[in-house]
Amino acid sequence: LGSSAHRAVARQAVRESLVLLKNNGGLLPLQRNLDVLVAGASANDVARPSGGWSLTWQGTDNSNDDFPGATTIFGGIEKAVSGAGGSATLSADASYVQRPDVAIVVWGEPPYAECFGDRKHLNYDAQDPDSLALLEKLSADGIPVVSVFLSGRPLWVNPHLNASDAFVAAWLPGSEGGGVADLLFRTVTGEINYDFSGKLAFSWPSTLEQNTLNVGAEEYDPLFPYGFGLTYSDKNELTNELPSEVGDAYVEHETRRPSSSCASS
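Our subject in this report is the structure included herewith. The structure presented is a predicted model; accordingly, all values stated were derived computationally and were not measured.

A short note on the overall build of the protein
Helix and strand counts for the protein come out as seven helices and six strands. Sequence-ordered secondary structure for the protein, helices as α and strands as β, is α-β-β-α-α-β-β-α-β-α-β-α-α. Relative to the 2.2 N^0.38 estimate, which gives 18 Å for 265 residues, the radius of gyration of the protein is 18 Å and therefore close to what a compact globule would have. Across its three principal directions, the C-alpha atoms of the protein cover 50 × 45 × 40 Å. Counting the 265 residues in the protein, one finds 48% classified as buried. A separation threshold of at least 6 residues defines the contact pool for the protein, and within that pool the share at least 24 residues apart is 78%.

Here it is as structure tokens:
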């Protein structure tokens, strides 16, 4: 358990599952000699990218020490740039003293399992307004922003997409954060290290009302269709003005609670 061979397979799974949804201006892949700010509550945490059913039922109340040998996403980034003339600075709240060349913000859902993950609607921001504030702050400062979004499902994140120059749907990559860095950074000599190959296994909602979004439906109109996923050779430019208004029905902050059927079971 946890042998180098097993970790290599897990790292490969990370590389092959991540989906690139936005890469305006060809920001990615990054050179390794940059000064990188790594922000967000999930950047240096193993439990969040591991999700539910990891050591504990809900995947909560775990620390990094509970995952011996694991690498956080920040740890993977730090290893990628150190020794190549770059630097990685961890700042959960995106504050900085020296202006970075680029910011990588790692954010997303807390761990959950079964009905504890139930939500009333698709608006991600209702449960975590701080992440959007970080992205918008960095964007307003003129710093190129890479979003690494952790989630167990597609959610409506139009405002976050608008505030990001590049956006990666990372799902729940688990213990091998180096697999994320493998895709985000070039080799030391500047070539593409690994290209994105992941494709959406679910259609991505363009509006908050798209709770059902199935291929073949008469009014099928997703933001990103089933099977979508950019590679580094794609030149798609996603508008930074996606509709982002939220009605009153979608702004209440969610609390972590099970449905009655889940609680009774």
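Alright, that's what it looks like, and here's the rest.
Concerning the environment of Gly76
In this structure, Gly76 sits in helix 3 (residues 73–81). Sequence separation between Gly76 and Glu176 is 100 residues; the distance between their C-alpha atoms is 7.9 Å. Those residues in contact with Gly76, other than ones at most four positions away along the chain, are Thr71, Gly177, Gly178 and Ala181.

Focus on the side chain of Ser50
Summarising the element assignment, Ser50 is placed in helix 2 (residues 47–50). Apart from residues lying up to four places away in sequence, Ser50 is in contact with Phe67, Gly174 and Ser175.

Some remarks on the nonpolar core
Nonpolar side chains tend to gather and get buried jointly when the protein is soluble and globular. Ranked by internal contacts, the top residues of the largest apolar core, which has 65 residues, are Ile104, Leu184, Phe185 and Trp204. Residue assignment for this core shows that the elements contributing at least two residues are strand 1 (19–23), strand 2 (35–39), helix 3, strand 4 (102–108), helix 4 (129–140), strand 5 (145–150), strand 6 (166–171) and helix 6 (178–184). For Leu184, the residues in contact, after removing those within four places along its chain, are Leu28, Pro29, Leu30, Ile104, Val146, Val148, Val168, Phe196 and Tyr232.

Considerations on the environment of Ala92
Along the chain, Ala92 turns up in the loop between strand 3 (87–91) and strand 4. The sequence separation of Ala92 and Val38 amounts to 54 residues, and the corresponding C-alpha distance is 7.5 Å. Those residues within four positions of Ala92 in sequence are excluded, and the remaining contacts are Ala39, Gly40, Ala41 and Leu134.

Things to note about the packing of aromatic side chains
What characterises a pair of aromatic rings is the spacing of the ring centres plus the angle enclosed by the ring planes. Applying the stated rule across the entire model yields 10 aromatic pairs. Both rings, one in Phe149 and one in Trp204, keep their centres 6.3 Å apart while their planes meet at 65°; by these two values the pair is edge-to-face. With Phe149 in strand 5 and Trp204 in the loop between helix 6 and helix 7 (260–264), this pair connects stretches of sequence that are 55 residues apart. According to the relative accessible area criterion, Phe149 is buried, its value standing at 1%. Residue classification places Trp204 among the buried residues on the basis of a relative accessible area of 0%. On the numbers, 6.1 Å between centres and 55° between planes, the contact of Trp171 with Trp204 is tilted. Taken as a pair, Trp171 in strand 6 and Trp204 in the loop between helix 6 and helix 7 lie far apart in primary sequence, 33 residues in all. Since its relative accessible area comes to 16%, Trp171 is described here as buried. When the ring centre of Tyr194 is taken as origin, the NZ or CZ atom of Arg15, which lies over that ring, is 4.0 Å away.

A look at the pattern of salt bridges
All told, the structure shown has five salt bridges when counted by the stated rule. Salt-bridge contacts for Asp182 lead to Arg11; the nearest nitrogen and oxygen are separated by 2.8 Å. Taken together, the positions of Asp182 in helix 6 and Arg11 in helix 1 (residues 4–17) put the pair 171 residues apart, joining distant regions of the chain. Here Arg11 falls in the partly exposed class, since its relative accessible area comes to 31%. Across the salt bridge formed by Arg15 and Asp182, the nearest N and O atoms sit 2.9 Å from each other. In this pair, Arg15 is assigned in helix 1 and Asp182 in helix 6, connecting sequence segments 167 residues apart. Taken together, the shared-partner salt bridges connect Arg11, Arg15 and Asp182 into one network.

A look at helix 4
An ideal rise of 1.5 Å per residue puts 16 Å on 12 residues; helix 4 measures up with 17 Å between its terminal C-alpha atoms. Listed in full, the buried residues belonging to helix 4 are Ser131, Leu132, Leu134, Leu135 and Leu138. Buried residues in helix 4, looked at end-on, bunch into an arc of 155°, giving them a common side. The exposed set on the far side of helix 4, more than 90 degrees from its buried face, consists of Asp130 and Ala140.

How each quantity is defined
Residues numbered from 1 in each chain as written. Predicted model: local features only at pLDDT ≥ 70, side-chain atom pairs only at ≥ 80, totals over all residues. Heavy atoms only, no water. Helix = DSSP H or I, 4+ residues; strand = E, 2+ residues; numbered from the N terminus. Rg over C-alpha atoms; globule rule 2.2 N^0.38 Å. Buried < 20%, exposed > 50% of the residue type's maximum accessible area, 1.4 Å probe, protein only. Contact = heavy atoms within 4.5 Å. Core = buried A, V, L, I, M, F, W, Y, C linked by side-chain atoms within 4.5 Å. Phe/Tyr/Trp six-rings, centres within 6.5 Å; stacked < 30°, edge-to-face > 60°. Lys NZ or Arg CZ within 6 Å of the ring centre and 35° of its normal. Salt bridge = Lys/Arg side-chain N within 4 Å of Asp/Glu carboxyl O. Expected span 1.5 Å × (residues − 1). Arc of directions from axis to C-beta.

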